[in-house]
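Spelled out from the first residue to the last, the chains are:
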Amino acid sequence: EEQEEDVLRELRLFLRNVTERLALDRRFKAFTKPVDIEEVPDYLIVIKKPMDLSTLLTNIDEHKYVTVSEFMSDADLIWQNALEYNPDSDPMDRHIRHRACALKDTVRAIIRDELDEDFDRVCEEIKESR
Ligand SMILES: CC(=O)c1csc(NC(=O)C2C[NH2+]C2)n1
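Residues numbered from 1 in each chain as written. Predicted model: local features only at pLDDT ≥ 70, side-chain atom pairs only at ≥ 80, totals over all residues. Heavy atoms only, no water.

Near the ligand you find Ala-30, Val-35, Ala-82, Tyr-85, Asn-86, Met-92, Asp-93 and Ile-96, and these make up its full shell. In this structure, Asn-86 approaches the ligand through a side-chain N or O atom, which is 2.7 Å from a nitrogen atom. Here a nitrogen atom of the ligand sits 2.3 Å away from a polar atom, N or O, in the side chain of Asp-93. Notes on the ligand: free accessible area 390 Å², of which the protein chains cover 73%. (Near = heavy atom within 4 Å. Polar contact = N/O pair within 3.5 Å; in protein donor to acceptor, adjacent residues only side chain to side chain. Areas by Shrake-Rupley, 256 points an atom, 1.4 Å probe, with all protein chains shown as cover.)

Below is the structure:
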């Protein structure tokens, strides 16, 4: 009903705000756009579910997420993929893994500090009812 659409509209506003703040953080520049397959041809052989911050924003606008948990599953793909694609000891791999871990910690800290648990529960109830 109308109240449910108001809740989901507020969820999208919250998720857009979180995602845009991440995309502005210079540490996360490598995660802002899909990996360019011309530049990194083996990427899709290794990484089965690519994800990036611009795709998160598109998903939000396409109403893909009804709960924060669904958003977090896609947001987690970004740093998980980076750890998987960059496993080596060479400095470049270590550098992007450090940034991937910073992304993981930053997303979790924002959600812990800024998501109201009662609001989250309402979203979860809407999801179960559909
Ligand atoms: C987004 C992401 O995880 C990414 C983009 S380039 C890259 N890794 C490299 O370019 C090389 C350093 N060892 C491979 N990882």
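Additional details are given in the paragraphs that follow.
Attention now goes to the pattern of salt bridges. Tallying each qualifying case throughout the model produces 11 salt bridges. Among the ionic pairs, Arg-9 bridges to Asp-6, the shortest N-O distance being 2.8 Å. Of this pair, Arg-9 and Asp-6 both sit in helix H1 (residues 2–24), separated by 3 residues, roughly a single helical turn. Among the residues examined, Arg-9 registers a relative accessible area of 40% and is labelled partly exposed. (Salt bridge = Lys/Arg side-chain N within 4 Å of Asp/Glu carboxyl O. Helix = DSSP H or I, 4+ residues; strand = E, 2+ residues; numbered from the N terminus. Buried < 20%, exposed > 50% of the residue type's maximum accessible area, 1.4 Å probe, protein only.)

Attention shifts here to the packing of aromatic side chains. Note on aromatic pairs: each is described by the distance of the centres and the angle between the planes. For the coordinates displayed, the defined rule picks out 3 aromatic pairs. Ring centres of Tyr-65 and Phe-71 lie 5.7 Å apart, and the angle between their planes is 90 degrees; on these two criteria the pair is classed as edge-to-face. By relative accessible area, which is 4% here, Tyr-65 ends up buried. With relative accessibility at 0%, the residue Phe-71 sits in the buried group. (Phe/Tyr/Trp six-rings, centres within 6.5 Å; stacked < 30°, edge-to-face > 60°.)

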